[in-house]
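Next come the chains, spelled out residue by residue.
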Amino acid sequence: MKVSSAATSRIKKGDLVVVPSTDYRDLRKAAFQEYSVASSFNTIRLPKGTSVKSGSILGVAFVSAALALGICMGLNFESIEDGPDLLSIVRNVNSESLPSDIRQECLNGIAKGERATAGDFLVIWGGSSTCAHVTKQMARLAGLKIISVVDGAKHGLRLSSTKAIRPDLVVDSHNPERAIEVIKASTGDRARYGFDTQGKDTAALLLRSLAVPTSARSLPKDAKVFERAGAKLPTPPSTPFEGAPGLQRSHLVGLTGLPKTDIPEGIALHNVPIKLFHEIPEVGEALSAWCERLLLKGLLVPPDVVGTVYGLEGINEGLDRMRRREISGGRLVAVLK
């Protein structure tokens, strides 16, 4: 690796690094190639003990998870290894520097009084994905209570027995209507944050799992984490939502798609503003440096590598395996040389 003289002092020649390929339209950065270029603020150093393969599949999942939680849900990471308050960062930069297609999401997507905080419920539909793998770890560090909706027969045991990604509750997605019932009953119909990693159809199901506000009431912060489906939470007191004039919205983030119709009033829909990572240096540097600290302290465990293909000739083979749904519970890695 060569480092420009203008690069941040964080990166040194000879460092083993990973560069999340969020700027996929720039073929100098995000193609299958022997050499590529990268902005220093988008470069993450890997600590000793983290393999190249593991590091290579971490980047985009980390960035997507951090922006979904930090921007769309407003979660503040400052108490976790000096992490960033992403929402404050983007709302303090020149608004004209934000790409026009994500400006609304960054500046007006969530109100200050609606931001997720410790004790809130987060429902992840598609909880076995690589992005969910990272999201759960970050959300748990921030004190959120996590519900993973997955194919129980395929992923239930792995999720419930793997400490780094174990949710508070695993819900089987085999019967979606039953899954919605379990989520609502287990949370006392108080789940206000949802993250879908699969597509608009499952996002529409997740939307129905979230609370639709009917009165200005909030869940007490000392409510205990439920231990099983159907466990009842304490009846919350009649306390107005902080910062809200009467109603506090629920927030649904879609990684790959969102429903277009039948959106209840009181639920806000969000797309992950992935461009922030490579377009706004303050965001890219804050996330890259924070990721390094999390990896160094062992607070962030990369997803599993579940397969490897070799050379450019192996790329199509790997894509075919993915289309046949042979890759599950982790990522496929392409080794080019």
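Residues numbered from 1 in each chain as written. Predicted model: local features only at pLDDT ≥ 70, side-chain atom pairs only at ≥ 80, totals over all residues. Heavy atoms only, no water.

A word on the overall build of the protein chain
(1) Moving on: Check the secondary structure of the protein chain and you find eleven helices and ten strands.
(2) Moving on: Within the protein chain, buried positions represent 49% of all 337 residues.
(3) Moving on: Taking the intrachain contacts of the protein chain between residues at least 6 apart in sequence as the baseline, contacts between residues at least 24 apart amount to 69%.
(4) Moving on: Accessible surface, the protein chain: about 16,700 Å² in total, of which carbon and sulfur atoms supply 50%. (Helix = DSSP H or I, 4+ residues; strand = E, 2+ residues; numbered from the N terminus. Buried < 20%, exposed > 50% of the residue type's maximum accessible area, 1.4 Å probe, protein only. Contact = heavy atoms within 4.5 Å. Areas by Shrake-Rupley, 256 points an atom, 1.4 Å probe, with all protein chains shown as cover.)

Let's talk about the sheet that holds strand β6 (residues 193–196)
Strands in a sheet are paired, the pairing made by backbone hydrogen bonds, and the direction either parallel or antiparallel.
(1) Moving on: Here we have six strands laid out as an open sheet, ordered β5-β4-β3-β6-β7-β8, and parallel in their pairing. The open sheet has two edge strands, β5 (169–172) and β8 (267–271), and neither has a second partner. Each adjacent strand pair in this sheet contributes to an overall mean axis angle of 20°, direction not counted.
(2) Moving on: Of the strand pairs in this sheet, strand β7 (residues 250–254) and β8 are connected by five bridges, and their pairing is parallel. Bridged to S250 within β8 is I267.
(3) Moving on: Against the sheet, helix α5 (residues 130–141) touches β3 (121–125), β4 (145–150) and β6, its axis set at about 175° to β3. (Pairing = 2+ DSSP bridges. Axes fitted to C-alpha atoms, helices over the stretch in contact; angles between N-to-C directions.)

Observations concerning the environment of N94
(1) Moving on: Following the sequence through the fold, N94 ends up in the loop between α3 (86–90) and α4 (103–108).
(2) Moving on: Residue N94 is classed as exposed on the basis of its relative accessible area of 53%.
(3) Moving on: In terms of polar contacts, N94 uses its side chain to reach the backbone amide nitrogen of E96, at 3.0 Å. (Polar contact = N/O pair within 3.5 Å; in protein donor to acceptor, adjacent residues only side chain to side chain.)

Some details on the packing of aromatic side chains
(1) Moving on: Overall, the coordinates contain two aromatic pairs when judged by the stated rule.
(2) Moving on: Aromatic side chains F62 and W290 sit 6.0 Å apart centroid to centroid with 50° between the ring planes, which places their arrangement in the tilted category. In this pair, F62 sits in helix α2 (residues 59–72) while W290 sits in helix α10 (residues 281–296), placing the two residues 228 residues apart along the sequence.
(3) Moving on: You can call F62 buried: its relative accessible area is 0%.
(4) Moving on: On the accessibility criterion, W290 (0% relative accessible area) is buried.
(5) Moving on: Taken together, the aromatic side chains of F62, F77 and W290 make up a single cluster linked through ring pairs. (Phe/Tyr/Trp six-rings, centres within 6.5 Å; stacked < 30°, edge-to-face > 60°.)

A few points about the environment of A68
(1) Moving on: Along the chain, the position of A68 falls in helix α2.
(2) Moving on: The exposure class of A68 is buried, given its relative accessible area of 0%.
(3) Moving on: Along the chain, A68 and T135 lie 67 residues apart, while their C-alpha atoms are 8.5 Å from each other.
(4) Moving on: The contact partners of A68, leaving out residues within four places of it in the chain, are M73, F195, V253 and V272.

Here we look at the confidence of the model for the protein chain
(1) Moving on: Taken as a whole, the protein chain shows an average pLDDT of 85; of its residues, 87% reach a score of 70 or greater.
(2) Moving on: Averaged pLDDT values over the elements of the protein chain bottom out at 80 in strand β10 (residues 331–335) and peak at 98 in β6.
(3) Moving on: The model gives residues 215–245 a pLDDT under 50, and that stretch makes 62 contacts with residues more than four places away or in other chains. (pLDDT = per-residue confidence, 0-100.)

As for the pattern of salt bridges
(1) Moving on: Under the defined criterion, the tally for this structure stands at eleven salt bridges.
(2) Moving on: The salt bridge involving E81 is made with K297; its shortest N-O contact spans 3.2 Å. Of this pair, E81 sits in the loop between α2 and α3 while K297 sits in the loop between α10 and β9 (305–310), and the two are 216 residues apart along the sequence.
(3) Moving on: K297 gets classed as exposed once you look at its relative accessible area, which sits at 53%.
(4) Moving on: Taken together, the salt bridges that share partners define one network made up of R10, R45, E285 and E292. (Salt bridge = Lys/Arg side-chain N within 4 Å of Asp/Glu carboxyl O.)

Quick word on unusual backbone geometry
(1) Moving on: The backbone of D82 sits at a positive phi, close to 55°, despite the residue not being glycine.
(2) Moving on: Secondary-structure assignment places D82 in the loop between α2 and α3.
(3) Moving on: Judged by its relative accessible area of 60%, D82 falls in the exposed class.
(4) Moving on: One non-glycine residue, D189, adopts positive backbone phi at about 55°.

Overview of the pairing of β4
(1) Moving on: With six of six residues buried, β4 is to be regarded as a mostly interior element.
(2) Moving on: What you see with β4 is no split at all: K145, I147 and V149 on one side and I146, S148 and V150 on the other are buried throughout.
(3) Moving on: Where β3 meets β4, five bridges bridge the pair, whose relative direction is parallel. Residue F121 lies in a different strand from β4, and its bridge partner there is K145.
(4) Moving on: Running through α5, the crossover from β3 to the neighbouring parallel element β4 is right-handed. (Right-handed = clockwise from strand over helix to strand, strands pointing away.)

A word on the nonpolar core
(1) Moving on: Membership of the largest hydrophobic core comes to 51 residues, with the highest contact counts inside it found for F62, L67, L122, M138, F195, L276 and L287.
(2) Moving on: Contributing elements (two or more residues each) for this core: α2, α3, β3, α5, β6, α9 (276–279) and α10.
(3) Moving on: The contacts of L67, once residues within four sequence positions are left out, are C72, L86, V272, P273, I274, L276, V283 and L287.
(4) Moving on: In this structure, L169, V171, A191 and L205 belong to the second largest nonpolar core, which totals 19 residues. (Core = buried A, V, L, I, M, F, W, Y, C linked by side-chain atoms within 4.5 Å.)

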